[in-house]
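Single-letter residue listing:
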Amino acid sequence: MITLTDRYPTRGNAERVIDRTDPVVWPSAQDAAAGGGPWSAQELAAYERHGFRSVEELLTPAEVTAFRTEMDRLAADRALRDDERAVIEPASDEVRSIFEIHKISDLFAGLVQDVRLVDRARSLLGSEVYVHQSRINIKPGYRGSGFYWHSDFETWHAEDGLPRMRAVSVSIALTDNRDTNGSLMIMPGSHLTFVGCAGATPADNYKTSLRMQEAGTPSDHALARLAERHGIHLFTGPAGSATWFDSNCMHGSGDNITPWPRSNVFIVFNSVDNTPRDPFAAPVRRPGFIAARDFTPVRGTASRAAPAR
Ligand code: 6CS
Ligand code: FE
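Reading the values: the criteria
Residues numbered from 1 in each chain as written. Chains lettered and ligands numbered in written order. Predicted model: local features only at pLDDT ≥ 70, side-chain atom pairs only at ≥ 80, totals over all residues. Heavy atoms only, no water. Near = heavy atom within 4 Å. Polar contact = N/O pair within 3.5 Å; in protein donor to acceptor, adjacent residues only side chain to side chain. Areas by Shrake-Rupley, 256 points an atom, 1.4 Å probe, with all protein chains shown as cover. Helix = DSSP H or I, 4+ residues; strand = E, 2+ residues; numbered from the N terminus. Core = buried A, V, L, I, M, F, W, Y, C linked by side-chain atoms within 4.5 Å. Buried < 20%, exposed > 50% of the residue type's maximum accessible area, 1.4 Å probe, protein only. Contact = heavy atoms within 4.5 Å. Arc of directions from axis to C-beta. Donors = N, O, S within 2.8 Å, 3.2 Å for Na, K, Ca; no water. Tetrahedral: all angles 85-135°; square planar, octahedral: opposite > 155°, others 65-115°.

Let's shift gears to the site of ligand 1. In the vicinity of ligand 1, the contacting residues are Q133, R135, F147, H150, D152, T155, W156, L210, Q213 and R286. With respect to ligand 1, the side chain of D152 contributes an N or O atom lying 3.0 Å from a nitrogen atom. When ligand 1 sits alone it has 300 Å² of accessible area, and the protein chains cover 93% of it. Among the elements of the structure, β5 (129-137), β6 (147-151) and α8 (152-158) are those that each provide at least two residues to the shell around ligand 1. With 3 residues, the top contributor of residues to the shell around ligand 1 is α8.

Written out as C-alpha cells, the structure reads:
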C-alpha cells in the first residue's frame, strides 16, 4: 500500500515550526496573469508575499441586501437552529455560524458558483476547484465571540485530510467590518510557515472546536514569534468588500461587544487535485457539512443574486 508522506506533521507531543514546501500561487496562475486572468501580475505577487488580497465592492449594495436578508432568514429558522450545521454562541442563544449554506440556500448556492469568486480561486490554485466548506459567521453585536489564532490548513490537514496547501478562503462582508466589531486579523506572510501544534485531536473534536478551538492552536511563544516577524493586519471594509486568504494564514478575530454585527460569508475553495485523504492527525474524518465529500468542480456562472444590469 502506498503510504502518503505527511509534509506537515501536527498534533504530536511537541510543537514543530517548519517552512511551507508548497507554492502559494500555483504554476498555471502566472500564465493566467500573463493572459489577462482575474488577477494582475502585481496582485498575484502581493498575494504570494502576504497570503491575502482584498477586493473593494465585490458585491453590489443590492446583492449585499439580498444575501443579508437570506442570512437573517436562515438565522431565524428554528428548525435549522437544532441542526448540527448551526453553531450557537457560548454566551447567548444566538447563532454563531451556519455551515454548508451552499446546500441549504439557493441564493448562497448561486454565490459559490459566481465567476467573480470561482475564476479568482481557480487562478490562485491553478486548477478546477470545488467547495470544501461554506459558512456564515454571524458574530452578533454585544456578545459575538471571536475565533482564536489558528491556521485553517492545520485543521483541514489534521482532521479533514487535505494533503497540500492548495485551498483558498474568500471572506465577503455582509455587514460593515469595522475596527471595533471583531474583524478578521491576519499576520501578513505567516502563510509561509507551518506551525505543527502540540496535543492530539480529541474524538468528535468538531463538536466543541467550532465554538471554541483548542486542539490545533499555536503556543504563545510561536504566536509571539510570528507576530514580531510579520505584524498583524486588521481587515476593515464596507459590506460587499471581500478578502481572499491562503489556507495557511495565521488568523483570528476578537469578540464583538459593539451593537454592530460583523457578519461575513466564508467560502473555501480547494483544488480538485488536493482532495482529502484519511485525516493526518485525527481518529476519524469530520462530517461532510464541514469537509465536503462532493469534489464536483464548481462551474463558474454569473450570480443569480446580481440584479439585471
Ligand atoms: O475547523 C474549521 O474548519 C473552521 N474553524 C475555523 C476556526 N476556521 C476555519 C473553519 O471555519
Ligand atoms: Fe479560520
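Moving on to the nonpolar core. For soluble globular proteins, the rule of thumb is that nonpolar side chains tend to be buried together. Within the largest apolar cluster, 39 residues are counted, with the highest numbers of intra-cluster contacts made by F108, L111, I172, W244, I267 and F269. Excluding residues that lie within four positions of it along the chain, F269 makes contacts with V112, L117, V118, A121, L125, V129, Y130, V131, A167, V168, V170 and V298. The next biggest cluster of nonpolar side chains, apart from the first, holds 11 residues, and it includes F153, M165, F194 and A292.

By secondary structure assignment, the location of V17 is in strand β1 (residues 16-19). When its relative accessible area of 49% is taken as the criterion, V17 is described as partly exposed. Sequence separation of V17 and P218 is 201 residues, and the distance between their C-alpha atoms is 9.7 Å. In contact with V17, other than residues within four places in its own chain, are T193, F194 and V195.

Now for helix α2 (residues 41-50). Those residues of α2 lying buried are L44, A46 and Y47. One side of α2 carries all its buried residues, which in axial view fall inside an arc of 160°. Opposite the buried face of α2, by more than 90 degrees, sit the exposed residues Q42 and R49.

Once that is clear, we can look at the coordination of the iron ion (ligand 2). Those donors, H150 (NE2), D152 (OD) and H251 (NE2), are the protein atoms that reach the iron ion (ligand 2), and they lie 2.1 to 2.3 Å from it. Geometry at the iron ion (ligand 2) is irregular, judged from the 4 donor atoms that bind it and their angles of 81 to 177° at the metal.

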